[in-house]
Amino acid sequence: MKKQMLCLLLFSFFIASSHAQLKQNFYQNICPNVESIVRSAVTNKFRQTFVTAPGTLRLFFHDCFVRGCDASVFLSNPNAEKDHHDDLSLAGDGFDTVIKAKAALDNNPSCRNKVSCADILALATRDVVALTGGPSYKVELGRRDGRISTKKSVQHKLPHADFNLDQLNTMFASHGLTQTDMIALSGAHTLGFSHCGQFSKRIYSKAGIDRTLNRQYALQLRQMCPVKVDPRIAINMDPTTPQTFDNAYYKNLQQGKGLFSSDQVLFTDARSRPTVNLFASNNNAFNQAFVSAITKLGRVGVLTGNQGEIRRDCSRVN
């Protein structure tokens with residue numbers, strides 16, 4: 001028992017000391033214009049396609065929940081993280097956003113190969129949130145890139161569309177995130193889209209339409225996702241303001257318009273409903289909670305100092 005406690009304490013110390021080395025002005029004397037260079041590249045990409053925003057945001061979440069925020073999701077190999085079934089739907093525009101920002105940094109002699117892909121992804125995530133009307137916030141920097149990426153490491157690490165509240169809380173708590181953090185981060189579903197196959201069981205089952213789903217909304221979904229439709233057909237996660245980062249996601253939940261059951265459960269479960277109601281009625285409360293949660297997310301499993309590397313190519317180990 002004592003040995004287990006000591007291991008837990010050492011693990012906690014390691015995690016705390018790693019993210020304690022992150023700081024907002026990490027590149028001040030290395031690449032002082034890092035934020036403006038990344039922001040410019042992200043803005044240019046965003047103007048080309050809106051998918052830049054949800055694609056980048058989702059990429060950050062998937063990267064951090066598997067092996068920590070170390071850009072391991074970018075690595076290419078015969079057994080790569082990004083080839084796991086749970087990562088196959090990650091939008092190519094998310095990857096391309098970071099690649100273009102990396103190229104812009106490398107065009108600056110003082111920044112070339114000085115900024116990690118993990119930090120570029122963290123900055124790009126903040127920028128796409130702001131570009132879509134969400135809050136801008138300070139980003140802690142100093143992450144190193146990981147050298148390992150495996151399909152196996154993704155298994156059971158990402159939440160699924162049918163998760164209940166206990167499953168969501170357990171998974172998020174394993175990364176030091178609270179229920180409030182989880183509900184705030186779920187609000188990122190105010191952007192982007194999903195595919196018919198992810199929620200088809202809610203609108204087509206022997207028992208009929210999922211009772212927690214707004215019936216009129218369910219009938220609309222059936223029209224957009226008829227039986228035997230291509231499961232890759234995309235449907236907006238937020239049926240009201242799909243291209244604006246706002247609190248409409250929570251208002252939708254109040255009306256039974258959560259696309260996934262893992263979304264709707266945040267309102268149907270009495271333990272999480274008060275937070276949903278708060279965020280639905282107060283956009284500032286949502287924004288503040290989101291900034292706090294995504295900052296904590298950005299500290300998950302980070303590598304600092306000599307623990308990792310700064311990749312010259314985000315897709316390959318140096």
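Being a predicted model, the structure only gives us computed values, none of them experimental. (Residues numbered from 1 in each chain as written. Predicted model: local features only at pLDDT ≥ 70, side-chain atom pairs only at ≥ 80, totals over all residues. Heavy atoms only, no water.)

### Let's talk about the state of the cysteines
Using the criterion set out here, one finds four disulfides in the structure. A sulfur-sulfur separation of 2.0 Å characterises the disulfide bridge that pairs cysteine 64 with cysteine 69. Of note, the bridge from cysteine 64 to cysteine 69 carries an S-S torsion of about 120 degrees and is right-handed in sense. Accessibility assignment for this pair places cysteine 64 and cysteine 69 in one class, buried. Cysteine 196 shares a disulfide with cysteine 225; S-S distance 2.0 Å. One quick way to see it: the torsion about the S-S bond of cysteine 196 and cysteine 225 is about -70 degrees, and its sign makes the bridge left-handed. With cysteine 196 in the loop between strand E1 (193-195) and helix H8 (200-203) and cysteine 225 in the loop between helix H9 (215-224) and strand E2 (234-236), this pair connects stretches of sequence that are 29 residues apart. (Disulfide = S-S within 2.5 Å. Buried < 20%, exposed > 50% of the residue type's maximum accessible area, 1.4 Å probe, protein only. Helix = DSSP H or I, 4+ residues; strand = E, 2+ residues; numbered from the N terminus.)

### Digging into the packing of aromatic side chains
On inspection of all chains with the given rule, the structure shows 13 aromatic pairs. With 5.5 Å between their ring centres and 15 degrees between their planes, phenylalanine 245 and phenylalanine 286 make a pair best called stacked. Here phenylalanine 245, found in the loop between E2 and helix H10 (248-254), pairs with phenylalanine 286, found in helix H13 (residues 283-297); they are 41 residues apart in sequence, far enough to count as distant. Exposure class is identical for phenylalanine 245 and phenylalanine 286. Each is buried. The rings of Phe245, Tyr249, Tyr250, Phe279, Phe286 and Phe290 are connected pair by pair, giving a single aromatic cluster. The ring of phenylalanine 95 is capped by lysine 82, whose NZ or CZ atom sits 5.6 Å from the centre of that ring. (Phe/Tyr/Trp six-rings, centres within 6.5 Å; stacked < 30°, edge-to-face > 60°. Lys NZ or Arg CZ within 6 Å of the ring centre and 35° of its normal.)

### Overview of unusual backbone geometry
Not every positive phi belongs to a glycine, and histidine 156 is a case in point at roughly 65 degrees. On the accessibility criterion, histidine 156 (68% relative accessible area) is exposed.

### A look at the UniProt feature "active site" (unreviewed entry) in the chain
As annotated in UniProt, the feature "active site" (unreviewed entry) corresponds to His62 in the numbering used here. Tracing the sequence through the fold places histidine 62 in helix H3 (residues 52-65). Overall, histidine 62 belongs to the buried group, its relative accessible area being 6%. Non-local contacts of histidine 62, meaning those with residues more than four positions away in its chain, are made with Asp86, Asp87, Leu90 and Leu158. (UniProt positions renumbered as here; feature names shortened; annotations may be inferred. Contact = heavy atoms within 4.5 Å.)

### Focus on the UniProt feature "binding site: Ca(2+) 1" (unreviewed entry) in the chain
The residues that UniProt annotates with the feature "binding site: Ca(2+) 1" (unreviewed entry) are Asp63, Val66, Gly68, Asp70, Ser72 and Glu81. Taken along the chain, the residues just named run across 19 residues; in space they keep tight, none of their C-alpha pairs more than 12.3 Å apart. Inspection of the secondary structure puts serine 72 in the loop between H3 and helix H4 (92-106). Those residues in contact with serine 72 that lie beyond four places of it in its chain are Asp63, Val66, Arg67, Glu81, Ile148, Ser149 and Arg311. By the secondary structure assignment, glutamate 81 is in the loop between H3 and H4. Given the relative accessible area of 0%, glutamate 81 is considered buried. Leave out the neighbours within four places in its chain, and glutamate 81 touches Asp63, Val66, Arg67, Ser72, Val73, Asp87, Ser149, Thr150, Lys151, Ser153 and Val154. A polar contact of 3.5 Å, which involves the side chain of glutamate 81, links it to the backbone nitrogen of valine 73. (Polar contact = N/O pair within 3.5 Å; in protein donor to acceptor, adjacent residues only side chain to side chain.)

### Some details on the nonpolar core
Counting residues in each nonpolar core, the largest one holds 75 residues, and the members touching the most others are Phe74, Leu105, Tyr250, Leu266, Phe290 and Leu297. Considering every element that reaches this core, the biggest residue donor is helix H5 (residues 117-131), with nine residues. When near neighbours in sequence (up to four residues on either side) are disregarded, tyrosine 250 contacts Ile183, Ala184, Ser186, Gly187, Val276, Phe279, Ala280 and Phe286. Membership of the second largest hydrophobic core comes to 14 residues, among which are Ile203, Leu213, Ala218 and Leu221. (Core = buried A, V, L, I, M, F, W, Y, C linked by side-chain atoms within 4.5 Å.)

### Brief notes about the packing of helix H12 (residues 273-281) against H13
The interhelical angle for the contact between H12 and H13, taken along N-to-C directions, is 115 degrees, at an axis separation of 5 Å. Where H12 approaches H13, its residues Leu278, Phe279 and Ser281 are matched on the opposing element by Asn283, Ala285, Phe286 and Ala289. Looking at the contact of H12 with H13, its residues break down into five nonpolar, two polar and no charged. (Axes fitted to C-alpha atoms, helices over the stretch in contact; angles between N-to-C directions. Nonpolar A, V, L, I, M, F, W, Y, C, P; charged D, E, K, R; others polar.)

### Notes on helix H7 (residues 179-186)
Burial analysis of H7 places six of its eight residues in the buried class, the great majority of the element. Burial in H7 covers these residues: Asp181, Met182, Ile183, Ala184, Leu185 and Ser186. In the core, the buried residues of H7 are packed alongside helix H6 (165-173), H10, helix H11 (261-268), H12 and H13.

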